[in-house]
Amino acid sequence: MLTLRGISRNFGDHRVLDEVSFDVRPGRLTGFLGANGSGKTTTMRIVLGVLAAHGGSVSWQSQVITPQNRPNFGYMPEERGLYPKMKVREQITWLGRLHGVERTIAQRNTDQLLEDLELTDRANDRLEQLSLGNQQRVQIAAALVHDPELLILDEPFSGLDPIAVETVLDVLRKRAAGGVPVLFSSHQLAIVERLCDDVVIISKGRIAAKGSREELRQTHAGDRYEIVVAQDAGWVRDVPGTTLLELDGPRAVFESEPQQVLKAALERGEVRSFTPVVPTLDEIFKEVI
Amino acid sequence: MAVGTSQKASFAQATWLVAEREMKTFVSTKGFWIGFLFTVVGLFALTVLPTVFGGDDPKVAAVGSAVQVVQGKQLDVREVGDVATAAELVRSDDVEAAIVPDGGGIKVIALNDPPNDVIRQLVAAPPVELLDASAVSSDQRFVTVLVFGLVFLMFGMGGAAIAQSTVTEKQTRIVEILVSTVPVRALLAGKILGHVILTLGQVVVLALTAPIALRVAGQAELLAVVAPALGWFVPFLMLGFVLVSSMWAVAGALVSRQEDLGSTMGLVMLAVMGPYFGVQFFFDNPAVLAVMSFVPFSAGVAMPVRMFAQQAQPWEALVSLGILVVTVVVILLVASRLYTGSLLQTGGRVKLARAWAPAE
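What you are looking at is a predicted structure, and each value in this text was computed from that prediction instead of being measured.

A tally of regular secondary structure across chain A gives nine helices and 14 strands. Taking 19 Å as the expected radius of gyration for a compact globule of 289 residues, we find that chain A reaches 24 Å, considerably beyond that expectation. Overall, chain A is about 75 × 45 × 30 Å in size when its C-alpha atoms are taken along their principal axes. Taken over 289 residues, chain A has a buried fraction of 40%. Expressed as a percentage of contacts within chain A between residues at least 6 apart in sequence, the contacts between residues at least 24 apart total 67%.

What follows is the structure, given as C-alpha cells:
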C-alpha cells in the first residue's frame, strides 16, 4: 500500500499542497480528481521523487521512501515524452533495462505489452512516425515494461479515442487484478466513475473527499429520494416536513421524511419505485471543491 | 503476472545503459559519419597532397648544345630541333620552359613568369650550414600544430552532441521518467562516458591511419618524430574532452528547447576554440606556448606541440596532465550540481545561480 501523510509543498510563497494524506490500496484503481492547478501533478511528482516535499512523508509497505529504497514504480508523466527518433520496441526494452530488468525479460515484456496494446506491427517504427494516440499507447507500455509494484499515471486517458481507452483500461485492470495499486489522475469524471474503485478528490491543495466510490456516494447522498407512483405525484408537496424538488407527472424527487411519503403513497395506491437518489461523481465533485 | 521482477539497476549499470544509448543514437546519425570521414580525408590530404603536387619534375624543351647542360638535372627534358619549335611548345603550354643555346651559354624561354623551379636546377647553390639544426623543421611543426589543433577542435565541437541530447530529453520531457528511474549523476556520467568512448574510438582510428598517411606521403622520418608526441596527445585530448563534455552537458541542461541552445553554448565554444586559435597564433612564441601548455583548456594542444618541438621535458607534460586531471574532477563536480539543479526546470533559460542553489 502507498501511504501519503501530511504532504505539503510550496512554490515560493504559494502553498500548493497542504497536509495531503491518502492511501492507494493494492489491487484497486484509485482515481485522483481535481481541477486544473489543484495539485494532482505535484502530488504525483513528490511520490515519484521528482520533486521534494516540504513536509510529510510518503511510505510504501509502511516504510518511508528514500532514494535508496525507492521501489519500482511505473510512471506516466502528465507531459508525455519519449525519444522521438528511437524505435518503439528498442525504446521500451531500453527503459525496462534502465529499471533494472534483465535484457531478455525486458524484451519479452515489451513484446507482450505491444501485443496487448495492439502495437506489434509498429514495433520497428520510430516513435515520431506514430500517430499521437499510438504514441500515447507506447507511453503506457513504457510505464509498465518493468512490471512495476505501483503504477502512477497522470491523465492516462487524455488524448485517447474511446477504443483506445478500452484497450488501455483492460491493460490497467489486469495489473490491478494482479495486486498492483494503481493511482491515476483524470478530469474526465465519467471515466473515473465507471472504472475506479477508490476516489480521492483534491481541491486547492487540500484533500476534499476520499474513500471508495460507493462510500463517497452514500456519504454525499444526503436526504434525497425519488418516488414513482401510478398517478400524478403532486400530493408529495403536502406531506409535512418534506420539500418537493422536482415533479414530472407520476415521478417526484423530494427531500426529508421518506417514510411519511412512502406511507402516504401506499395509502393512495400503487408505488412503482422508491429509491434514494445517489449523486454522480460529477455532483459530488462540484459539491466538495 | 509477475510483479516486481525488476531489481533496481546499479549506478554503474544505469550509467552504462545511458552511455550505450548515447553511442547507438549518435553513431546512427549522418552527421557523425560525415564529420569523421571529413577528418580522416582531411588528414590524408594534408600529408599526401604536398607530395602529389610537388612531385613531378618540371617539363622543359632543350635545343642543340643546351641538351648537355640539362642532362642529369631533375627536369623532364624533351629534345627539339630548333628554337622556333621549342618556343612553340612553350606557347602551347606543352612545356614549362625551353632551354636554348645563347652565345657561349644558354638562355631560358618562358611564357609570362620566370620559371623559378627550372632556374633553380640550372644554377649552382652555395653550401648551407645550419647552426641550430633541429630534427623538426618549422614547416613540420606548423603541420603538426595544425593537425593537433584541428583534431582537438573537431572533437571538442563534437561534444555539442551531448548538449543536444540533453535538450532533447528536456524538450520531450522523457527526463521526468529518467530522473524518477535513475540518479541524475548516472545520466550525466553515462552521457560523458558514451561520448568519450566514441571519441576514443575515432582517435584510435586516426592514430592508426596517420602513420599510413605519412608513409604514403613518403614522410616516414616525420613519423618517427610525431609518434612520441602522438602518445602525449591522446591522453591530453581525452581529458580535455571530458572537460568540455561536462560543460556541454550543463549548456544543454540550462535550456528547455533546441532553439535556445545557442544562448548557453557561447562559453563552451570559447573554451574549445580559444586554445585552438591561441596555439595557431603563438606556436612560434615559446614563452606564450609554455604558459598555454599548463592552462587546462589549451594544454590539450599546447603541451603535445611543445613535446613535439622538443621544447618541454616529460616531467612538464606530467605536471600539466596532473593539473588537467584536478581541473576535470573539479569541473565534473560543479557540472554535476548544475546539471542536477537545472535538469527539471523548464520554461526559459535557467540562471546559473538558480541551478547552483540547493535543491528545494
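Back to the write-up after that little detour.
The next subject is the overall build of chain B. Counting its secondary structure elements, chain B contains 15 helices and four strands. Within chain B, counting contacts between residues at least 6 apart in sequence, those at least 24 apart form 69% of the total.

Attention shifts here to the sheet that holds strand β1 (residues 2–11) of chain A. Residue and element names in this part refer to chain A. Read across the sheet, four strands follow the order β2-β1-β4-β5 without closing on themselves; strand pairing throughout is antiparallel. Of all strands in the sheet, those with a lone pairing partner are β2 (14–24) and β5 (63–64), marking the two edges. Sheet analysis places β1 next to strand β4 (residues 55–60), joined by five bridges and oriented antiparallel. Bridged to leucine 4 within β4 is valine 58. Along the sheet face, helix α1 (residues 40–48) touches β1, β2 and β4 and points at about 115° away from the line of β1.

A separate point is the interface of chain A and chain B. Often, the extent of an interface is quoted as the loss of accessible area on bringing the components together. At the junction of the two partners, chain A supplies 29 residues and chain B supplies 24 residues. For the side of chain A that touches chain B, the secondary structure elements donating two or more residues are β6 (73–76) and α2 (88–98) of chain A. Sort the elements by how many residues they give to the side of chain A that touches chain B and α2(A) lands first, with three residues.

Residues and elements named next belong to chain B. Burial within strand β1 (residues 59–63) is extensive, with four of its five residues counted as buried. Here five bridges tie β1 to strand β2 (residues 76–80), and the two strands are oriented parallel to one another. By the bridge assignment for β2, lysine 59 is matched with aspartate 76. Looking at chain direction, β1 and strand β3 (residues 97–102) are connected through three bridges and run parallel. Bridge pairing in β3 places alanine 62 opposite isoleucine 99.

Next up on the list: the environment of Thr280(A). Turning to its location among the elements, Thr280(A) is positioned in the loop between β14 (271–276) and α9 (281–288). A sequence separation of 67 residues divides Thr280(A) from Arg213(A), and the C-alpha atoms of the two residues are 9.9 Å apart.

Feature annotation in UniProt assigns "transmembrane region" (unreviewed entry) to the following positions: residues 31–53, 142–163, 192–212, 232–254, 261–281, 287–305 and 317–339 of chain B. For residues 142–163 of chain B, the helix share is 95%, the strand share is 0%, and the end-to-end C-alpha distance is 32 Å.

A word on the nonpolar core. Core analysis: the biggest nonpolar cluster contains 138 residues, and Ala141(A), Ala142(A), Ile152(A), Ala249(B), Val250(B) and Val305(B) have the highest contact counts within it. With 17 residues, the single largest contributor to this core is helix α10 (residues 220–253) of chain B. Val250(B) has contacts with Ala335(B), Leu338(B) and Tyr339(B), leaving out every residue within four places of it along the chain.

Considering every residue of chain A, the mean pLDDT works out to 87; 99% of them sit at 70 or more. Across chain A, element-level confidence peaks in α2(A) with a mean pLDDT of 94 and bottoms out in α9(A) with 79.

All names here are of chain A. With mixed pairing, the six strands of this open sheet are ordered in space as β6-β7-β8-β3-β9-β10. Unpaired on one side and paired on the other, β6 and β10 (206–212) mark the two borders of the sheet. Each strand of the sheet is rotated relative to its neighbour by a mean of 15°, with strand direction disregarded. Across four bridges, the pairing between β6 and strand β7 (residues 150–154) is parallel. When the sheet's bridge partners are listed, phenylalanine 73 is paired in β7 with leucine 150. Lying on the sheet, α9 is in contact with β3 (29–33), β9 (198–203) and β10; it crosses β9 at an angle near 30°.

Residues and elements named next belong to chain A. Where helix α4 (residues 132–144) contacts helix α5 (residues 162–177), the axes come no closer than 11 Å and their chain directions differ by 5°. Classified by the angle between their axes, α4 and α5 sit roughly parallel to one another. In contact with Gly133, Arg137, Ile140 and Leu144 of α4, α5 contributes Ala164, Val168, Val171 and Arg175. Residues that form the contact of α4 with α5 fall into these classes: five nonpolar, one polar and two charged.

Attention now goes to unusual backbone geometry. All names here are of chain A. In this model, glutamine 61 sits at a positive phi of 50°, which is unusual for a non-glycine residue. Within the secondary structure, glutamine 61 is located in the loop between β4 and β5. The class for glutamine 61 is partly exposed, based on 13 C-beta atoms found within 10 Å. The phi angle at serine 62 is positive, at roughly 60°, despite the residue not being glycine. Tracing the backbone through its elements, the reader meets serine 62 in the loop between β4 and β5. You can call serine 62 exposed: it has 7 C-beta atoms within 10 Å.

If you check the domain split of chain B, you get domain 1 (11–46 + 137–356) and domain 2 (59–122). Averaged C-alpha coordinates put domain 1 of chain B and domain 2 of chain B at centres separated by 54 Å.

The subject of this paragraph is α4(A). Over its 13 residues, α4(A) runs 19 Å from end to end, which matches the ideal 18 Å to within 8%, given 1.5 Å per residue. Of all the positions in α4(A), only Gln136(A), Arg137(A), Val138(A), Gln139(A), Ile140(A), Ala141(A), Ala142(A), Ala143(A) and Leu144(A) are classed as buried. On the buried face of α4(A), the contacting elements are β6, α2, α3 (103–116), β7 and α5 of chain A together with α8 (174–181) of chain B.

How each quantity is defined
Residues numbered from 1 in each chain as written. Chains lettered and ligands numbered in written order. Predicted model: local features only at pLDDT ≥ 70, side-chain atom pairs only at ≥ 80, totals over all residues. Helix = DSSP H or I, 4+ residues; strand = E, 2+ residues; numbered from the N terminus. Rg over C-alpha atoms; globule rule 2.2 N^0.38 Å. Buried ≥ 20, exposed ≤ 12 C-beta atoms within 10 Å, placed from the backbone. Contact = placed C-beta atoms within 7 Å. Pairing = 2+ DSSP bridges. Axes fitted to C-alpha atoms, helices over the stretch in contact; angles between N-to-C directions. UniProt positions renumbered as here; feature names shortened; annotations may be inferred. Core = buried A, V, L, I, M, F, W, Y, C linked by C-beta atoms within 7 Å. pLDDT = per-residue confidence, 0-100. Parallel < 35°, antiparallel > 145°, perpendicular 65-115°, else oblique. Nonpolar A, V, L, I, M, F, W, Y, C, P; charged D, E, K, R; others polar. Domains from an automatic or database assignment. Expected span 1.5 Å × (residues − 1).

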